[in-house]
Amino acid sequence: DSEPLVLGIETSCDETGVGIVRGTALLADAIASSVDQHARFGGVVPEVASRAHLEAMIPTVDRALADAGVTLRDVDALAVTAGPGLPGALMVGVAAAKAIALSLGKPLYGVNHLAAHVAVDQLEHGPLPKPCVALLVSGGHSSLLLVPDVAGDVRSLGATVDDAAGEAFDKVARLLDLGFPGGPVIDRRAREGDRDAIAFPRGKYDDGTYDFSFSGLKTAVARWVEARERAGEPVPVADVAASFQEAVVDVLVHKALRACRDHGVRDLLIGGGVAANSRLRALAQERCDAAGVRLRVPRPKLCTDNGAMVAALGAEMVAAGVAPSDLTLPADSSLPI
Ligand code: KG4
Ligand code: ZN
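Residues numbered from 1 in each chain as written. Chains lettered and ligands numbered in written order. Predicted model: local features only at pLDDT ≥ 70, side-chain atom pairs only at ≥ 80, totals over all residues.

This part is about the site of ligand 1. Lining the immediate environment of ligand 1, one finds 19 residues, of which G139, G166, G183, G273 and T304 sit closest. Elements with a minimum of two residues in the shell around ligand 1: helix 6 (165–175) and helix 7 (182–190). Tallying contributions element by element places helix 7 first for the shell around ligand 1, with 4 residues. Looking at the shell around ligand 1, its residues break down into 6 nonpolar, 10 polar and 3 charged. (Near = placed C-beta within 6 Å. Helix = DSSP H or I, 4+ residues; strand = E, 2+ residues; numbered from the N terminus. Nonpolar A, V, L, I, M, F, W, Y, C, P; charged D, E, K, R; others polar.)

Turning to the domain arrangement of the protein, a few remarks are in order. By domain assignment, the protein separates into domain 1 (5–120 + 306–320) and domain 2 (128–300). Using only C-alpha atoms to locate each centre, domain 1 and domain 2 end up separated by 27 Å. With 5 residues, the top contributor of residues to the side of domain 1 that touches domain 2 is helix 4 (residues 113–119). Among the residues forming the side of domain 1 that touches domain 2, the class breakdown is 11 nonpolar, 3 polar and 1 charged. (Domains from an automatic or database assignment.)

This part covers the pairing of strand 3 (residues 25–33). Walk down a regular strand and you will see the side chains alternate between the two sheet faces. In this structure, strand 2 (residues 15–22) lies alongside strand 3, joined through 8 bridges in antiparallel fashion. If you follow T16 over to strand 3, its bridge partner there is A32. What sits between the antiparallel neighbours strand 2 and strand 3 is a turn of 2 residues, in which G23 has the positive phi angle 60°. (Pairing = 2+ DSSP bridges.)

One open sheet accounts for 5 strands, arranged 8-7-6-9-10; its pairing is mixed. Each edge of the open sheet is held by one strand with a lone partner, namely strand 8 (153–159) and strand 10 (294–296). Averaged over all pairs of adjacent strands, the angle between strand axes in this sheet comes to 25°, irrespective of strand direction. Alignment of strand 9 (residues 267–271) against strand 10, held across 3 bridges, turns out to be parallel. Residue pairing across strands places L268 opposite L295, the latter belonging to strand 10. The strands touched by helix 9 (residues 237–263) are strand 6 (132–137), strand 7 (142–149), strand 8 and strand 9; relative to strand 6, the strand with the most contacts, the crossing angle is about 160°. (Axes fitted to C-alpha atoms, helices over the stretch in contact; angles between N-to-C directions. Contact = placed C-beta atoms within 7 Å.)

Attention now goes to the environment of H53. As for its position among the elements, H53 is in helix 2 (residues 46–68). For H53, a count of 29 C-beta atoms within 10 Å corresponds to the buried category. The spatial distance from the C-alpha of H53 to the C-alpha of V133 is 32 Å, given a sequence separation of 80 residues. (Buried ≥ 20, exposed ≤ 12 C-beta atoms within 10 Å, placed from the backbone.)

Right, let's get into the sheet that holds strand 4 (residues 77–83). Spatial strand order, 3-2-1-4-5: 5 strands in an open sheet with mixed pairing. Where the open sheet ends on each side, the last strands, each with one partner, are strand 3 and strand 5 (108–112). Across the sheet, the axes of successive neighbouring strands diverge by a mean angle of 20°, strand direction being ignored. Those strands touched by helix 12 (residues 307–320) are strand 1 (5–10), strand 2, strand 3, strand 4 and strand 5, and its axis lies near 135° from that of strand 1.

Given a rise of 1.5 Å per residue, 23 residues ought to cover 33 Å, and the 30 Å separating the end C-alpha atoms of helix 2 matches this to within 8%. Where helix 2 bends most, the angle comes to about 45°, and this point is A56, followed within four residues by the proline P59. Taken residue by residue, helix 2 has A49, A52, H53, A56, M57, T60, V61, A64, L65 and A68 as its buried positions. Elements that come into contact with the buried residues of helix 2 comprise strand 2, strand 3, helix 1 (35–38), helix 3 (87–104) and helix 12. (Expected span 1.5 Å × (residues − 1). Bend = angle between axes of the 7 residues up to and from the residue.)

Shown next as structure tokens:
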């Protein structure tokens, strides 16, 4: 085993993730989630998330080591999400990674959460094409990236100017009384609906930027539902879900493929929790085939926040000879790409 064993820690939001990789081989991906504790608030509560990370950290490290069949002494390098994310949540992971790195005398790599969402695909589909375009869509972020080299050169092309795509799913699910998180249930209900039933707006569709906007769409759905209720008519939940979902994924795929075309890139990667969406996957595949672009989407467990993605990027940084961080590494909630 010549490649280094890397342990990665992710605590930027509500998942405590600890992953272990050797090069691009995934050995363990342990997760503890506090999502159930946030459900009754309809969104992640930062203080609740931080406390849950504290409680879950050591058991999750232990579980990852057991799953990989290794001990802490076998670990060659530590990687940790340094940002962006919730400040208190990030601090727990960064403190844990520093403590382990210091006690073992091993190098520590602070990584960017968004770049880690890109790097994780190497664990499933092998080395990333250079360059590729990445569309990252989750509850906390919606970004288009140009990625010449995931270990050292990741460029932001655009991002949401208001709500993240997953946040829009969650808010619309809430106004339809479908529960939290909203993405999976809207995805499911949309399968029985007609995606052309209601013409919801596509924000910033052809505005010449790679940015997104979803708050106008959310408001349009709310107005439409209110009007039905005021008229005393039943709300066709499946049609609303399908039409809303289509408006989101249409814009996402449209802008991602325009980024590929404008930059002469033949490979598109989609990651983040919303990449689990079945309509997003289907529409992206259809339009990529038509455009001659190869599509890579990691399996759903690797799309949502996890420790393996952090370990994957750490391993890539080790391989690329990137200098490790020192023990002053800060948790930076708005770490730029
Ligand atoms: O990446 P993730 O686990 O956490 C972060 O937000 O960083 O993403 C969670 C988000 C939630 O907003 C959830 O509603 C959304 O991903 N999501 C989906 C689906 N599964 C999860 N959105 C649409 N369709 C899905 N099938
Ligand atoms: Zn994420």
